[in-house]
Amino acid sequence: MTTNKRIILVLIGLIAAGLLLAYGYVWVTLHVSYSEGERAGYLQKFSKRGWVCKTWEGEIMLTTLPGTIPEKFLFTVRDEDVAKQFMAATGKRVLLSYAQHKGVPTSCFGETDYYAEKVQLSQ
(Lines give C-alpha, C1' and ligand atoms only; values in the text may rest on other atoms or scores of the structure.)
Protein backbone atom coordinates (compact mmCIF):
# COMPACT_ATOMS: atom_id res chain seq x y z
CA MET A 1 0.00 0.00 0.00
CA THR A 2 1.39 3.38 -0.95
CA THR A 3 1.84 6.27 1.42
CA ASN A 4 -0.79 8.36 -0.35
CA LYS A 5 -3.41 5.64 0.05
CA ARG A 6 -2.56 5.32 3.75
CA ILE A 7 -2.91 9.05 4.28
CA ILE A 8 -6.27 9.06 2.52
CA LEU A 9 -7.52 6.11 4.61
CA VAL A 10 -6.36 7.77 7.83
CA LEU A 11 -8.12 11.02 6.84
CA ILE A 12 -11.33 9.14 5.99
CA GLY A 13 -11.10 7.33 9.33
CA LEU A 14 -10.63 10.62 11.22
CA ILE A 15 -13.57 12.22 9.43
CA ALA A 16 -15.76 9.18 10.14
CA ALA A 17 -14.73 9.22 13.83
CA GLY A 18 -15.50 12.94 14.04
CA LEU A 19 -18.94 12.44 12.50
CA LEU A 20 -19.68 9.56 14.88
CA LEU A 21 -18.66 11.68 17.87
CA ALA A 22 -20.84 14.58 16.68
CA TYR A 23 -23.80 12.23 16.14
CA GLY A 24 -23.28 10.71 19.58
CA TYR A 25 -23.15 14.13 21.24
CA VAL A 26 -26.39 15.28 19.55
CA TRP A 27 -28.12 12.00 20.44
CA VAL A 28 -27.12 12.32 24.10
CA THR A 29 -28.24 15.96 24.38
CA LEU A 30 -31.65 15.13 22.87
CA HIS A 31 -32.32 11.87 24.76
CA VAL A 32 -30.79 12.44 28.21
CA SER A 33 -32.56 15.13 30.21
CA TYR A 34 -30.91 17.43 32.72
CA SER A 35 -34.15 18.02 34.61
CA GLU A 36 -37.83 17.18 34.34
CA GLY A 37 -40.89 18.88 35.76
CA GLU A 38 -44.27 20.47 35.31
CA ARG A 39 -45.40 24.05 34.87
CA ALA A 40 -48.92 25.45 35.08
CA GLY A 41 -50.12 28.68 33.54
CA TYR A 42 -52.02 30.29 30.72
CA LEU A 43 -50.92 29.32 27.23
CA GLN A 44 -50.23 32.75 25.77
CA LYS A 45 -48.55 31.97 22.47
CA PHE A 46 -47.86 28.90 20.37
CA SER A 47 -46.51 28.92 16.83
CA LYS A 48 -44.30 27.12 14.33
CA ARG A 49 -41.40 29.36 13.42
CA GLY A 50 -37.91 29.54 11.99
CA TRP A 51 -36.21 30.48 8.71
CA VAL A 52 -34.75 27.13 7.76
CA CYS A 53 -35.66 24.75 10.58
CA LYS A 54 -39.31 25.13 11.58
CA THR A 55 -39.93 24.33 15.26
CA TRP A 56 -42.99 24.63 17.49
CA GLU A 57 -42.35 27.30 20.14
CA GLY A 58 -44.67 28.43 22.91
CA GLU A 59 -44.94 30.48 26.03
CA ILE A 60 -47.09 30.19 29.10
CA MET A 61 -47.65 32.89 31.69
CA LEU A 62 -47.00 31.64 35.21
CA THR A 63 -48.82 33.45 38.00
CA THR A 64 -47.97 32.73 41.60
CA LEU A 65 -50.52 34.96 43.32
CA PRO A 66 -53.35 37.11 41.99
CA GLY A 67 -52.11 40.64 41.33
CA THR A 68 -48.43 39.69 40.90
CA ILE A 69 -46.46 40.17 37.71
CA PRO A 70 -46.61 36.93 35.70
CA GLU A 71 -43.42 35.17 34.61
CA LYS A 72 -43.01 33.79 31.09
CA PHE A 73 -41.98 30.18 30.55
CA LEU A 74 -40.70 29.52 27.03
CA PHE A 75 -40.74 25.98 25.66
CA THR A 76 -40.36 23.88 22.50
CA VAL A 77 -42.52 21.01 21.25
CA ARG A 78 -40.97 18.33 19.01
CA ASP A 79 -43.96 15.97 18.68
CA GLU A 80 -46.64 16.95 16.11
CA ASP A 81 -49.44 15.27 18.10
CA VAL A 82 -48.52 17.24 21.23
CA ALA A 83 -48.32 20.41 19.09
CA LYS A 84 -51.93 19.84 17.97
CA GLN A 85 -52.99 19.58 21.63
CA PHE A 86 -51.25 22.87 22.38
CA MET A 87 -52.93 24.56 19.41
CA ALA A 88 -56.32 23.53 20.79
CA ALA A 89 -55.41 24.85 24.26
CA THR A 90 -54.23 28.35 23.26
CA GLY A 91 -55.59 30.94 25.69
CA LYS A 92 -56.50 28.34 28.33
CA ARG A 93 -54.90 27.34 31.61
CA VAL A 94 -52.68 24.30 31.04
CA LEU A 95 -50.38 21.97 32.91
CA LEU A 96 -47.38 20.95 30.83
CA SER A 97 -44.77 18.31 31.53
CA TYR A 98 -41.31 19.07 30.22
CA ALA A 99 -37.74 17.85 30.10
CA GLN A 100 -34.76 20.20 30.03
CA HIS A 101 -32.00 19.29 27.59
CA LYS A 102 -28.84 21.35 27.98
CA GLY A 103 -26.17 21.68 25.33
CA VAL A 104 -28.27 20.97 22.22
CA PRO A 105 -25.91 22.21 19.48
CA THR A 106 -28.30 24.00 17.11
CA SER A 107 -31.64 25.79 17.15
CA CYS A 108 -32.93 23.35 14.49
CA PHE A 109 -34.05 21.16 17.41
CA GLY A 110 -35.74 24.07 19.20
CA GLU A 111 -35.05 27.57 20.44
CA THR A 112 -35.23 26.68 24.14
CA ASP A 113 -33.75 24.09 26.49
CA TYR A 114 -37.24 23.07 27.62
CA TYR A 115 -39.07 20.44 25.54
CA ALA A 116 -42.76 19.97 26.39
CA GLU A 117 -43.74 16.31 26.29
CA LYS A 118 -47.35 16.40 27.50
CA VAL A 119 -50.10 18.97 28.02
CA GLN A 120 -53.43 18.84 29.81
CA LEU A 121 -56.05 21.44 30.55
CA SER A 122 -55.97 22.67 34.13
CA GLN A 123 -58.73 24.04 36.38
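Structure's up top.
Worth saying up front: this structure is predicted, and the values here are computed from it rather than measured. (Residues numbered from 1 in each chain as written. Predicted model: local features only at pLDDT ≥ 70, side-chain atom pairs only at ≥ 80, totals over all residues. Heavy atoms only, no water.)

Enquirer: Help me understand helix H2 (residues 80-88) in this model?
Expert: Because each turn of an α-helix spans 3.6 residues, side chains separated by three or four positions in sequence point in the same direction. Residues of H2 that are buried include every one of Val82, Ala83 and Phe86, and no others. Mapping the buried residues of H2 onto a view down its axis gives an arc of 105°, with all of them on the same face. Exposed positions of H2 whose direction lies more than 90 degrees from the buried face are Asp81, Lys84 and Ala88. Here the buried face of H2 lies against strand E1 (35-49), strand E2 (55-62), strand E3 (71-77), strand E4 (93-100) and strand E5 (114-121). Here H2 starts with a cap whose side-chain oxygen sits 3.0 Å from the backbone nitrogen of Asp81, and that cap is Asp79. (Buried < 20%, exposed > 50% of the residue type's maximum accessible area, 1.4 Å probe, protein only. Helix = DSSP H or I, 4+ residues; strand = E, 2+ residues; numbered from the N terminus. Arc of directions from axis to C-beta. Contact = heavy atoms within 4.5 Å. Polar contact = N/O pair within 3.5 Å; in protein donor to acceptor, adjacent residues only side chain to side chain.)

Enquirer: Help me understand a nonpolar patch on the surface in this model?
Expert: Taken together, Ile7, Val10, Leu11 and Leu14 make up a surface patch of nonpolar side chains, about 390 Å² in accessible area. Tracing the backbone shows Ile7 in helix H1 (residues 3-31). (Patch = residues over 30% accessible without salt bridge, like charges linked within 9 Å, V, L, I, M, F, W, Y side chains within 5 Å. Areas by Shrake-Rupley, 256 points an atom, 1.4 Å probe, with all protein chains shown as cover. Salt bridge = Lys/Arg side-chain N within 4 Å of Asp/Glu carboxyl O.)

Enquirer: Sorry, what's going on with the state of the cysteines here?
Expert: One way to say it: the disulfide is the covalent bond shared by the sulfur atoms of two cysteines. This structure, assessed with the given rule, holds one disulfide. Here Cys53 engages in a disulfide with Cys108; their sulfurs sit 1.8 Å apart. Where Cys53 bonds to Cys108 through sulfur, the torsion about that S-S bond is close to 55°, and the disulfide is right-handed. Linking Cys53 in the loop between E1 and E2 with Cys108 in the loop between E4 and E5, this pair joins segments that are 55 residues apart in sequence. Owing to a relative accessible area of 24%, Cys53 belongs among the partly exposed residues under this scheme. Exposure remark for Cys108: the relative accessible area of 36% places this residue in the partly exposed category. (Disulfide = S-S within 2.5 Å.)

Enquirer: In this structure, what is going on with the nonpolar core? I would like to understand it.
Expert: Side chains of nonpolar character tend, in soluble globular proteins, to be buried together. In this structure, Ile60, Phe75, Val77, Phe86 and Leu96 are the most contacted members of the largest nonpolar core, which totals 17 residues. Counting only elements with at least two residues in this core, the list comes to E1, E2, E3, H2, E4 and E5. Apart from the residues within four sequence positions on either side, Phe86 is in contact with Leu43, Phe46, Phe75, Val77, Leu96, Ala116 and Val119. (Core = buried A, V, L, I, M, F, W, Y, C linked by side-chain atoms within 4.5 Å.)

Enquirer: Is there a simple way to explain the sheet that holds E5 in this structure?
Expert: By definition, the strands of a sheet pair up through backbone hydrogen bonds, in either a parallel or an antiparallel sense. Pairing in this closed barrel of five strands is mixed, and the strands run E1-E2-E3-E5-E4 around the ring. When the angles between neighbouring strand axes are averaged without regard to direction, this sheet yields 50°. As judged from the seven bridges shared by E1 and E2, these two strands associate in the antiparallel manner. Each bridged residue has a counterpart across the sheet, and for Lys45 the counterpart in E2 is Glu59. Across the sheet, H2 lies against E1, E2, E3, E4 and E5, angled at about 50° from E5, the strand it touches most. (Pairing = 2+ DSSP bridges. Axes fitted to C-alpha atoms, helices over the stretch in contact; angles between N-to-C directions.)

Enquirer: I would appreciate a short explanation of the pairing of E4 in the present structure.
Expert: Moving residue by residue along a regular strand, the side chains alternate between the two faces of the sheet. In terms of burial, E4 is largely enclosed, as six of its eight residues are buried. Across eight bridges, the pairing between E1 and E4 is antiparallel. Note on E4: the bridge partner recorded for Gly41 is Val94. When E4 meets E5, the two strands line up antiparallel, connected through seven bridges. Paired with Tyr98 across the two strands is Ala116, which belongs to E5.

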